[in-house]
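# Chain and residue survey
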Amino acid sequence: MSTQPDSSRQSRITVRSLHEKKQAGEKITCLTAYDASFARVLDQAGVDVVLVGDSLGMVVQGHETTLPVTVEDMLYHSQMVAKGLSHALMIVDMPFLSDTSIEAALENAGLFMKAAGAQMVKLEGGADQVDIVSALVQHGIPVCAHLGLQPQRVHKLGGYRVQGRESAAAEAMLEEARILEQAGADLILLECVPSRLAEMITRALSVPVIGIGAGAACDGQILVLYDILGLSMGRIPRFSHNFLSETGSIEDAVRAYVAAVKSGAFPGPEHVFN
Ligand code: KIV
């Protein structure tokens, strides 16, 4: 693996620089990582945000869902990822039921910040999480709020389905995004949302909106690293793309993803939902 420093690399990405990218109309590039070696490749390829996603429960641990992932698992993987990063902003996912009260959310998010160097935590949930988001933000913990398809609620949702197709659900999601922004969320992530709705939410908010299966109008894109490397178990999700098959090296695949997001070439019409 090449560890040559990339002279085009900028200084450390911060919450502030993400906001500046939105204002400047520059697309934000995000990928997941679960260990130091992959994190280093992403960092050197110029990825802006690395998410230590609880998707590790599926792609690393081999579970059917993200539900079995623990706070200890997230801490272990975050500490490894942090060692590979010097440019990208690191977000750590709050795993299932780790944020059911303000006290629990502060304790677990605090652990990710103090013991792993997280710069932001991501939590799934809408307006029902607003008190938790406010409490985290008041204590200096930046929050990414994950709306749309929330994999931790897969059983309640009845499967991994596109969210916000009906007009009432779409209006509710827009309202929830506004409420979460007012509560202090610094980033909103939309998963599997019709592209028109994602565009409305992106335009309505001043904080950046990152999409996965949410169309090209979002301020940035995120994908699961293993999907872009063709390592997905089962079929690659419709909203993703195997960049390794066109490039030939992991580093080039990540660079191709970054270039495609920055130029607006990814996602294409074949990756979006209506
Ligand atoms: O856990 C994860 O990898 C995620 C992404 C799918 C956004 O939440």
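Our subject is the structure listed above.
Heads up: these notes are all about the structure in this document. Just so you know, the residues in each chain are numbered from 1, in the order the chain's sequence is written. Reporting in this predicted model follows two pLDDT cut-offs: at least 70 for local features of residues, and 80 or more for side-chain atom pairs to be given and counted; totals over whole chains, interfaces and linings ignore these cut-offs and use all residues. Neither water nor hydrogens contribute to the side-chain values; these are computed over all heavy atoms in the structure.

### A short note on the packing of helix α5 (residues 102-116) against helix α6 (residues 130-138)
Contact geometry for α5 and α6: axes closest at 9 Å, N-to-C directions at 45°. The pairing of α5 with α6 is recorded here as oblique in orientation. Relative to α6, the crossing made by α5 is right-handed. The segment α5 lies against α6, with Ile102, Ala105, Leu106 and Ala109 engaging Asp131, Ile132, Ala135 and Leu136. Three classes are used: nonpolar for Ala, Val, Leu, Ile, Met, Phe, Trp, Tyr, Cys and Pro, charged for Asp, Glu, Lys and Arg, and polar for all others, with Gly counted as polar. A class-by-class count of the residues in the contact of α5 with α6 yields 7 nonpolar, no polar and 1 charged. Axis angles are defined between N-to-C directions and span 0 to 180 degrees, where every axis is a line fitted to C-alpha atoms and, for a helix, only to the segment in contact. What counts as a helix is a DSSP run of H or I of at least four residues, what counts as a strand is a run of E of at least two, and both are numbered from the N terminus. What sets the label is the angle itself: under 35 degrees gives roughly parallel, over 145 gives roughly antiparallel, 65 to 115 gives roughly perpendicular, and the rest give oblique. Less than a right angle of anticlockwise turn of the near helix away from the far helix marks a crossing as left-handed, whereas a clockwise turn marks it as right-handed. Here, two residues are considered to be in contact whenever any of their heavy atoms come within 4.5 Å of each other.

### Thoughts on the packing of aromatic side chains
Ring pairs (aromatic) are described by centroid distance and by the angle formed between their planes. Ring pairs shown here join Phe, Tyr and Trp side chains whose ring centres sit within 6.5 Å, with only the six-membered ring taken for Trp; geometry is labelled stacked below 30 degrees between planes, edge-to-face above 60, and tilted in between. Applying the stated rule across the entire model yields 5 aromatic pairs. Taken together through their ring pairs, the aromatic side chains of Tyr34, Phe38 and Tyr226 make up a single cluster.

### Overview of helix α1 (residues 15-24)
Relative accessibility under 20% of the residue-type maximum defines a buried residue, over 50% an exposed one, and the middle range a partly exposed one, all with a 1.4 Å probe and only protein chains included. Along α1, the positions that sit buried rather than exposed are Val15, Ser17, Leu18, Lys21 and Lys22. Buried residues of α1, viewed axially, fall in a sector of 165°; they line one side. Turned more than 90 degrees from where α1 packs its buried face, Arg16, Gln23 and Ala24 sit exposed. Positive backbone phi, at 75°, marks Gly25, one or two positions downstream of α1. Our arc is simply the arc of the directions from the helix axis toward the C-beta atoms.

### Digging into the layout of surface pockets
In this structure, the largest pocket encloses a volume near 820 Å³. Residue lining of the largest pocket: 35 residues in total, with Met58, Glu191, Asp227, Pro237 and Phe239 positioned closest to the centre. Across the lining of the largest pocket, the residue classes tally to 17 nonpolar, 8 polar and 10 charged. Approximately 300 Å³ is the volume attributed to the second largest pocket. Using a grid of 1 Å spacing that covers the protein atoms alone, one calls a set of points a cavity when a 1.4 Å probe fits there but cannot get out, and a pocket when the set is open and has protein on both sides within 12 Å along at least five of seven lines; lining residues are those with an atom within 4 Å of a point. In this structure, the second largest pocket is lined by 18 residues; those nearest its centre are Gly148, Gln150, Leu157, Gln163 and Met173. Where the lining of the second largest pocket is concerned, the elements lending two or more residues are β5 (143-148), α7 (154-157) and α8 (167-182). The greatest single-element share of the lining of the second largest pocket, amounting to 4 residues, is contributed by α8. Residues of the lining of the second largest pocket, tallied by class, amount to 6 nonpolar, 6 polar and 6 charged. Grid points are joined across faces, edges and corners, and a volume is the space filled by probe spheres set on the points.

### Overview of the site of the ligand
Around the ligand, the surrounding shell consists of Thr32, Leu51, Gly53, Asp54, Ser55, Asp93, Lys122, His146, Leu189, Ile212 and Val224. Here a polar contact means two N or O atoms within 3.5 Å. Within protein one must be a hydrogen donor candidate and the other an acceptor candidate, and residues neighboring in sequence count only if both atoms are side-chain atoms. At a separation of 3.0 Å, an oxygen atom of the ligand approaches a polar side-chain atom of Asp54. A distance of 2.5 Å separates an oxygen atom of the ligand from a polar atom in the side chain of Ser55. Only the protein chains shown count as cover for residues, with accessible areas throughout obtained via the Shrake-Rupley method and a probe of 1.4 Å. When isolated, the ligand has an accessible area of 260 Å², and the protein chains bury 96% of it. Among the cavities detected, the one that contains the ligand is the largest pocket. In the shell around the ligand, the residues fall into 4 nonpolar, 4 polar and 3 charged. Put simply, a residue is near a molecule or strand once any heavy atom of it comes within 4 Å of that molecule or strand. Molecule-in-pocket calls rest on the fraction of atoms, with more than half required to lie within 2 Å of the cavity or pocket grid points.

### Some details on the sheet that holds strand β4 (residues 120-124)
Strands qualify as paired when DSSP identifies two bridges or more between them. Taken together, 8 strands build a closed barrel; the order of strands is β1-β2-β3-β4-β5-β6-β7-β8 and the barrel is parallel. Strand-to-strand twist of the sheet, defined as the mean angle between neighbouring strand axes without regard to direction, takes the value 25°. Of the strand pairs in this sheet, β5 and strand β6 (residues 187-191) are connected by 5 bridges, and their pairing is parallel. Each residue of the ladder has a partner; that of His146, found in β6, is Leu189. Packing of helix α12 (residues 250-263) onto the sheet brings it into contact with β1 (28-32) and β8 (220-223), and relative to β1 it is tilted by some 145°.

### A few points about the pairing of strand β2 (residues 49-52)
Every second residue of β2 is oriented toward a common face, with Val49 and Leu51 on one face and Val50 and Val52 on the other, all of them buried. With 4 bridges joining them, β2 and strand β3 (residues 89-93) adopt parallel strand pairing. By the bridge assignment, Val52 is partnered in β3 with Val92.

### Notes on empty space enclosed by the protein
Scanning the model with the defined rule gives 2 cavities of 30 Å³ or more in all. The volume enclosed by the largest cavity comes to roughly 50 Å³. Taken together, Cys30, Val49, Leu51, Ile91, Lys122, Cys144, Leu187, Leu189, Ile210 and Ile222 form the lining of the largest cavity. The volume enclosed by the second largest cavity comes to roughly 30 Å³. Taken together, Gly211, Ile212, Gly213, Ala214, Gly215, Gln221, Ile222, Leu223, Phe239, Phe266, Pro267 and His271 make up the full set of residues lining the second largest cavity. Counting only elements with at least two residues in the lining of the second largest cavity, the list comes to β7 (209-212) and β8. For the lining of the second largest cavity, the element with the highest residue contribution is β8, accounting for 3 residues.

Nothing here speaks to function; it is geometry throughout.
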